[in-house]
Amino acid sequence: MNSQNNGIRRNEMEIVFDAIARNESFARVAVAAFVTHLNPTLEELADVKTAVSEAVTNAIIHGYENYEGCGVHGEKPAARTAEHPGKVRLQCVLEGDVIHIEVEDKGKGIEDLEKAMEPLFTTRPELDRSGMGFSFMEAFMDDLDVKSEPGKGTLVRMMKKLGTTAWIECEE
Ligand SMILES: Nc1ncnc2c1ncn2[C@@H]1O[C@H](COP(=O)(O)OP(=O)(O)OP(=O)(O)O)[C@@H](O)[C@H]1O
Ligand SMILES: [Mg+2]
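Just so you know, the residues in each chain are numbered from 1, in the order the chain's sequence is written. Think of it this way: whatever chain is written first is A, whatever ligand is written first is 1, and the rest follow in order. Side-chain atom pairs in this predicted model are given and counted only at pLDDT of 80 or more, local residue features only at pLDDT of at least 70, and totals for whole chains, interfaces and linings cover all residues. As a rule here, side-chain values cover all heavy atoms of the structure and leave hydrogens and water aside.

Caption draft 1: Structural view of the nonpolar core. If you look at the biggest cluster of nonpolar residues, it comprises 35 residues, and the most contacted ones within it are Ile99, Ile101 and Met158. Contributions of two or more residues to this core are made by strand S1 (10-18), helix H1 (23-35), helix H2 (42-63), strand S2 (87-95), strand S3 (98-105), helix H4 (133-140), strand S4 (143-149) and strand S5 (153-161). Ranked by residue count, the leading element in this core is H2, at 8 residues. Contact definition: two residues touch when any of their heavy atoms are within 4.5 Å. Once you skip the residues sitting within four places of it in the chain, Met158 turns out to touch Ala51, Val52, Ala55, Ile99, His100, Ile101, Met137, Met141, Asp143 and Leu144. Working definition of a nonpolar core: buried Ala, Val, Leu, Ile, Met, Phe, Trp, Tyr and Cys residues. They are joined through side-chain atoms within 4.5 Å. The cut-offs for exposure are 20% and 50% of the maximum accessible area for each residue type, with area from a 1.4 Å probe on protein chains only; residues under the lower value are buried, those over the upper are exposed, and the others partly exposed. Put simply, DSSP marks the helices as runs of H or I at least four residues long and the strands as runs of E at least two long, and each gets a number from the N terminus on.

What follows is the structure, encoded as structure tokens:
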């Protein structure tokens, strides 16, 4: 790595969006677009998109308990539909060819994090959840760290090295 380039090799973006189901695809595509100039392989791109999708979906359906009431399974709007949905914060930091991603909600938080991260553990079997979200994040990214506090929210941090070494030096 050329240390002289360290300054310009960092690139950051942050978006905050409503915690509603249709924004899950928006988040996935936003992250993919952000890393495109690194020319990631299709597999790397799919891995990152899946991990983001799982974390954002969790924020929406678990963190905020799908306030919109018309979530992934089209259930009838709940009484609380009138409430404004919470916000999800998505931050991406590129350091060279490593992407650091944070997905944060200020929702209900996780009581037992250790249990929640076990494969096949879900608190929402009635929504056909399979309890594999955290396992996918772990499998598809190089590192996963989750902090959560009941009543306060959840912060998911993950990182992945994208297999490219060529930083496209076309920036002015
Ligand atoms: N952001 C969050 N806020 C509150 N609880 C969460 C959050 N993310 C995960 N959880 C809890 O952790 C459990 C496990 O999450 P995980 O993503 O592994 O499985 P799932 O979402 O239940 O199922 P799947 O992701 O396979 O559809 C969830 O059932 C939920 O109880
Ligand atoms: Mg999940």
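Now, onward.
Caption draft 2: Quick peek at the side chain of Asn58. On the secondary structure map, Asn58 appears in helix H2. In contact with Asn58, not counting residues within four places along its chain, are Gly63, Phe134 and Met137.

Caption draft 3: Highlighting the site of ligand 1. Taken together, 19 residues lie around ligand 1, and His62, Thr122, Thr123, Arg129 and Met132 are the ones closest in. Residues adjacent in sequence count toward polar contacts only when both atoms are side-chain atoms; beyond that, a polar contact is any pair of N or O atoms within 3.5 Å, and within protein one must be able to donate a hydrogen and the other to accept it. Interatomic distance of 2.8 Å between a side-chain N/O atom of Asn58 and an oxygen atom of ligand 1. Take Asp105: an N or O atom from its side chain is 2.9 Å from a nitrogen atom of ligand 1. Relative to its unbound accessible surface of 600 Å², ligand 1 loses 96% to contact with the protein. For each structure, a 1 Å grid was placed over the protein atoms alone; sets of points admitting a 1.4 Å probe that cannot get out are labelled cavities, open sets with protein on both sides within 12 Å along at least five of seven lines are labelled pockets, and lining residues have an atom within 4 Å of a point. Cavities and pockets are treated as containing a molecule whenever more than half of the molecule's atoms lie within 2 Å of their grid points. Assessed atom by atom at 2 Å from the grid points, ligand 1 resides in the largest pocket. Near, as used in this document, describes a residue that has one of its heavy atoms within 4 Å of the molecule or strand being considered. Note that accessible areas follow from Shrake-Rupley with a 1.4 Å probe, and for residues the cover is restricted to the protein chains shown.

Caption draft 4: The arrangement of the packing of H1 against H2 in detail. As a rule, the C-alpha atoms of each element are fitted with a line to give its axis, helices using only the stretch in contact, and angles between N-to-C directions run from 0 to 180 degrees. In contact at an axis separation of 9 Å, H1 and H2 are set at 145 degrees when each is read in the N-to-C sense. Remark: the crossing between H1 and H2 carries right-handed chirality. Contacts between H1 and H2 involve Glu24, Ala27, Arg28, Val31, Ala32 and Val35 from the former and Leu45, Val48, Lys49, Val52, Ser53, Val56, Thr57 and Ile60 from the latter. For the contact of H1 with H2, a count of residues per class yields 9 nonpolar, 2 polar and 3 charged. Crossing handedness is defined as follows: a turn of the near helix away from the far one that is anticlockwise and smaller than a right angle gives a left-handed crossing, while the clockwise case is right-handed. Polarity classes work like this: nonpolar for Ala, Val, Leu, Ile, Met, Phe, Trp, Tyr, Cys and Pro, charged for Asp, Glu, Lys and Arg, and polar for all others, with Gly in that last group.

Caption draft 5: Fine view of the pattern of salt bridges. Should a side-chain nitrogen of Lys or Arg be within 4 Å of a carboxyl oxygen of Asp or Glu, the pair is scored as a salt bridge. In the structure shown here, the tally under the stated rule is 17 salt bridges. Linking Lys160 and Asp47 is a salt bridge whose minimum nitrogen-to-oxygen distance equals 3.5 Å. In this pair, Lys160 sits in strand S5 while Asp47 sits in helix H2, placing the two residues 113 residues apart along the sequence. Taken as a pair, Lys160 and Asp47 share a single burial class, namely buried. Here Glu149 and Lys152 are joined by a salt bridge, their closest N and O atoms 3.4 Å apart.

Caption draft 6: Summary view of the environment of Met117. Within the secondary structure, Met117 sits in the loop between helix H3 (113-116) and H4. Those residues in contact with Met117 that lie beyond four places of it in its chain are Phe134, Ser135, Leu144 and Val146.

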